[in-house]
Amino acid sequence: MRSLEDRIIDLDDDDIFCVYYESAHLPEPPISDEERQEAMVVARNLIQARYDAGTPLFTKEQFRTIVQQLDQCLEDKDETQKRVSVTGLDGQIVWFPVKTGKESTMHLSVKKHKCFLTKPLLDYHGIESLLWSTRQSYEPVMTACLPVELMHQTETRDAQTGLPVVSRPLPDVETLRAQFQAEQLYWEGSKCFAKLKIMFDVDQGGVRIPQGTNKVVAFACSTMTWPEKADDENGEGSEEVEGKGRDPPMAQHVLMLAMRELVQGAAEEAGKKSLEVKCYAQDPMYTPVDKQVLGEVGITVLDDPRGFLEVDDNSVVISISPNIPVKQIVADIARPAVVIWYRVEPGGDYDKDPW
């Protein structure tokens, strides 16, 4: 059998057609602009009232039900039965078809390439998104009250061979493993790690990791196969500045292992030397190479939204500048022992409140 690298075709710079996600496009009954505007005002008012009353936008029961339906879709042979239901804040149930393997109708084929729908995942809407005036100008009325919707990851393939095409080559496992190990060595001697240890050292004025903490769950750490350097204030990477010039996705996964070490140490001090601290990571961008390298160091990659089902009061949650409302989701479903996060960069009304 040929390796994954052998089965991937590289795209030329002037021939790139790379689409990552496609939202579901549901048929909507004919409605006048005036009726639509009135309906969206009603939806907006309902969302605000439910939110002000303390109604959670996200629940584990909701995620668990979606996971069960997605698992069932894998077993169903009848394509017409492959669908997932989501209940909105208005109590209405919306059904989304699961179209894995179908050709994209939103992104037209370009030249010799075609776009296909692959793994289903969720599109999350925090309160800012649900009430965002611009979104309400285009969002279908039937999905206006949904905190989560179904969408698909997509894959670009060669029209003749059906092989995947990518805009940049993936590193092999050996290369990525070596890069990850180098990042671990750098981290262990860094000022950042020293500060982190002090932060959770009671004898040095830090806080104590709560007893019972037994897992680390990370979201949106991204793939490590696309090297990306952190920039300094002048837009240029610098190895001389602590943390600058490093690869953010690589560093965030190393941070997971550092927190596992600290949690394990706290458990041993409390007399629980046999405690096994598990690590989970959720991000749809992970490649098979990512999964193998992360698996070798004890990080289990979970499909969306299974990572959120692992979050509980005994968790350390890590999420650095996610493009989904992780903090809002976590606040609705649990009270983790530790949360490490960094806000997204502000970009207007849509994310005026940090996720």
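Shown above is the structure to which this text applies.
Quick summary incoming for the structure in this document.

Looking only at helices and strands, the chain has 10 helices and 12 strands in total. Counting across all 355 residues of the chain, residues that qualify as buried make up 43%. Long-range contacts, defined here as pairs at least 24 residues apart, represent 70% of the contacts in the chain between residues at least 6 apart. For the chain, the exposed surface amounts to about 19,100 Å²; the carbon and sulfur share of it is 50%.

A full pass over the atoms with the stated rule returns 7 salt bridges. A salt bridge links Glu310 to Lys215; its shortest N-O distance comes to 3.3 Å. One end of the pair, Glu310, is in helix α9 (residues 306-310); the other, Lys215, is in strand β8 (residues 215-219), and 95 residues separate them in sequence. Through salt bridges that share partners, Lys215, Glu310 and Asp312 make up one connected network.

Reading across from one edge, β10-β9-β8-β11-β12 is the order of the 5 strands in this open sheet, with parallel pairing throughout. One side of each edge strand has no neighbouring strand; the edge strands of this open sheet are β10 (299-301) and β12 (338-342). Averaged over all neighbouring strand pairs, the angle between strand axes comes to 15 degrees, with direction disregarded. One ladder, built from 3 bridges, connects strand β9 (residues 278-282) with β10; its direction is parallel. In the sheet register, Ala281 faces β10, and the bridge partner there is Val301.

Helix length check: helix α2 (residues 60-75) (16 residues) gives 23 Å between terminal C-alpha atoms against 22 Å at 1.5 Å per residue, within 8%. Where α2 is concerned, the buried positions are Lys60, Gln62, Phe63, Ile66, Val67, Gln69, Leu70 and Cys73.

Turning our eyes to something else, we now look at the pairing of strand β6 (residues 148-158). Of all 11 residues that make up β6, 9 are buried, and the element is covered over most of its length. As paired elements, strand β5 (residues 113-124) and β6 share 10 bridges and run antiparallel to each other. Paired with Cys115 across the bridge in β6 is Thr156.

If you trace the backbone, Gln252 turns up in helix α7 (residues 248-269). What makes Gln252 buried here is its relative accessible area of 13%. For Gln252, the contacting residues outside a window of four places in its chain are Ala220, Cys221 and Ile320.

This brings us to the packing of aromatic side chains. As enumerated under the stated definition, the model contains 7 aromatic pairs in all. Relative to Phe308, the ring of Phe63 lies with its centre 5.6 Å away and its plane at 25 degrees, an arrangement referred to as stacked. On the criterion of sequence distance, the pair formed by Phe63 in helix α2 and Phe308 in helix α9 is long-range, its members being 245 residues apart. According to the relative accessible area criterion, Phe63 is buried, its value standing at 0%. Summarising the aromatic geometry, the rings of Phe219 and Phe308 are spaced 4.3 Å apart at their centres and angled 15 degrees between planes, so their arrangement reads as stacked.

Here Asp304 and Pro305 are connected by a cis peptide whose omega angle stands at 5 degrees. Structurally, Pro305 is set in the loop between β10 and α9. The phi angle at Ala220 is positive, at roughly 60 degrees, despite the residue not being glycine. Residue classification places Ala220 among the buried residues on the basis of a relative accessible area of 19%. Backbone geometry places Ser222, a non-glycine residue, at a positive phi of 75 degrees. Within the element layout of this structure, Ser222 appears in the loop between β8 and α7.

Thresholds, definitions, all that
Residues numbered from 1 in each chain as written. Predicted model: local features only at pLDDT ≥ 70, side-chain atom pairs only at ≥ 80, totals over all residues. Heavy atoms only, no water. Helix = DSSP H or I, 4+ residues; strand = E, 2+ residues; numbered from the N terminus. Buried < 20%, exposed > 50% of the residue type's maximum accessible area, 1.4 Å probe, protein only. Contact = heavy atoms within 4.5 Å. Areas by Shrake-Rupley, 256 points an atom, 1.4 Å probe, with all protein chains shown as cover. Salt bridge = Lys/Arg side-chain N within 4 Å of Asp/Glu carboxyl O. Pairing = 2+ DSSP bridges. Axes fitted to C-alpha atoms, helices over the stretch in contact; angles between N-to-C directions. Expected span 1.5 Å × (residues − 1). Phe/Tyr/Trp six-rings, centres within 6.5 Å; stacked < 30°, edge-to-face > 60°.

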